[in-house]
Amino acid sequence: MEATQTIADYGVAIGITIIVVSLLATFFYKHLQRLDKKFDDEREEKKYEREQRARHDELMLEAEKDKLEAEKETRKTYLSMTEELKKTTQMQAEILANQSNELKSYSDSINGNTKAIADHNKNFVKHIKYTDDRFDCVDSQLVSIAGMLDEVRQSTKDLATKADLEKVKSGLDEYIRSKK
């Protein structure tokens, strides 16, 4: 009996060991499955993060490309505007130079006209003085003619003589000559 008892003891121990090993194997298997699932989930999460990072990096590269392209276009536009500004400045400088020349010419013309007007005014003043002298002469001749006419009137009361008529005629001739 001892052998049976030993076998029975060992059988129970073996049975318990098999149950414990089975339980442990099941526990480790379940634990391994959970770990495997956890690793798979982590791998999926990391894969998703890598994809998101890759997408983000791709978007950042695209944005950087767009930014560089925009800067390139801005530089082109700036250079174009600078060139146009240079051309405009040159044209304005030419226009100002032309206007300056025209103003100088106009100023010279005005100076010439002013001198001509001053000369004309001098001549006009001389003419006025000459005309005044002529009027003074005419006035004195008119006074002389009036005196002659008074004489003629006095002498015509009687009858005008030929000498009186000659005197009037010579006074009128002298007046006419002074008018010319």
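Just so we're clear, the structure is a prediction, and the values are computed from it rather than from any experiment.

Here we take up the overall build of the protein chain. Within the protein chain, the regular secondary structure consists of 2 helices and 0 strands. The C-alpha radius of gyration computed for the protein chain amounts to 68 Å, which surpasses the reference 16 Å derived for 180 residues by more than 25%, pointing to a less compact arrangement than a globule. Each principal axis of the C-alpha atoms in the protein chain carries an extent, and together these give about 220 × 30 × 15 Å. Relative to its 180 residues, the protein chain shows a buried fraction of 6%. Of the roughly 16,100 Å² of accessible surface on the protein chain, a fraction of 61% belongs to carbon and sulfur atoms. Positive and negative side-chain charges in the protein chain, numbering 31 and 35 respectively, have mean positions lying 7 Å apart.

Our next topic: the packing of aromatic side chains. All chains considered together, the criterion is met by 1 aromatic pair. Between the aromatic rings of phenylalanine 27 and phenylalanine 28, the centroid separation amounts to 5.7 Å while the plane-to-plane angle is 65°, which identifies the pairing as edge-to-face. For phenylalanine 27, a relative accessible area of 47% puts it in the partly exposed group. The class for phenylalanine 28 is partly exposed, based on a relative accessible area of 46%.

Before going further, it helps to examine a positive patch on the surface. Side chains of Lys46, Lys47, Arg50 and Arg53 sit close together on the surface and give a patch of like positive charge. Relative to the helices and strands, arginine 53 is located in helix 1 (residues 2-158).

Going through the model one piece at a time under the given rule, you end up with 6 salt bridges. With its nearest N and O atoms 3.9 Å apart, the salt bridge here joins glutamate 73 to lysine 76. Of this pair, glutamate 73 and lysine 76 both sit in helix 1, 3 residues apart, which is roughly one turn of the helix. Exposure remark for glutamate 73: the relative accessible area of 36% places this residue in the partly exposed category. With a shortest N-O distance of 3.9 Å, lysine 87 and glutamate 84 are connected by a salt bridge. You can see lysine 87 and its partner glutamate 84 sitting in helix 1, 3 residues apart, about one turn around the helix. Accessibility expressed as a relative area gives 41% for lysine 87, which makes it partly exposed. We classify glutamate 84 as partly exposed; its relative accessible area is 44%.

With respect to the helices and strands, the residue arginine 153 is situated in helix 1. For arginine 153 and lysine 30, which are 123 residues apart along the polypeptide, the C-alpha to C-alpha distance reads 170 Å.

Over its 18 residues, helix 2 (residues 162-179) extends 26 Å from the first C-alpha to the last, a length consistent with the 26 Å expected when each residue adds 1.5 Å. Within helix 2, the full set of buried residues consists of Asp164, Val168, Gly171 and Ser178. Taken end-on, helix 2 shows its buried residues confined to a sector of 90°, consistent with a single buried face. Across helix 2 from its buried face, at more than 90 degrees, point the exposed residues Lys162, Ala163, Leu165 and Arg177.

The grouping of Val12, Ile16, Val20, Leu24, Phe27 and Phe28 at the surface amounts to a nonpolar patch, some 560 Å² of accessible area in total. Mapped onto the secondary structure, valine 20 falls in helix 1. We classify valine 20 as partly exposed; its relative accessible area is 40%.

Criteria and thresholds
Starting from 1, residues in each chain are numbered consecutively following that chain's sequence as written. For this predicted model, a pLDDT threshold of at least 70 governs which residues receive local features, and a threshold of 80 or more governs which side-chain atom pairs are given and counted, while totals over whole chains, interfaces and linings are taken from all residues. Only hydrogens and water are set aside; all other atoms, that is, all heavy atoms of the structure, feed into the side-chain values. A run of H or I in DSSP counts as a helix once it spans at least four residues, and a run of E counts as a strand once it spans at least two, with each numbered from the N terminus. Our radius of gyration is a C-alpha quantity, and the globule rule it is checked against amounts to 2.2 Å times the number of residues to the power 0.38. Only protein chains enter the accessibility calculation, which uses a 1.4 Å probe; a residue is then buried when its area is under 20% of its type maximum, exposed when over 50%, and partly exposed in between. Using a 1.4 Å probe, the Shrake-Rupley method yields the accessible areas, and only the shown protein chains count as cover for residues. Under the convention used here, Asp and Glu are negative, Lys and Arg are positive, and both His and the chain ends fall outside the count. Think of each charge as sitting on NZ of Lys, CZ of Arg, CG of Asp or CD of Glu. Pairing of aromatic rings covers Phe, Tyr and Trp, the last through its six-membered ring, and needs centres within 6.5 Å; plane angles under 30 degrees mean stacked, over 60 mean edge-to-face, and all others mean tilted. Residues with no salt bridge and a relative accessible area higher than 30% make up the patches, which join like charges within 9 Å and nonpolar side chains (Val, Leu, Ile, Met, Phe, Trp, Tyr) within 5 Å. Salt bridges are counted wherever a side-chain nitrogen of Lys or Arg sits within 4 Å of a carboxyl oxygen of Asp or Glu. Expected span, for any helix, means 1.5 Å times one less than how many residues it has. Note that the arc is computed from the directions linking the helix axis to the C-beta atoms.

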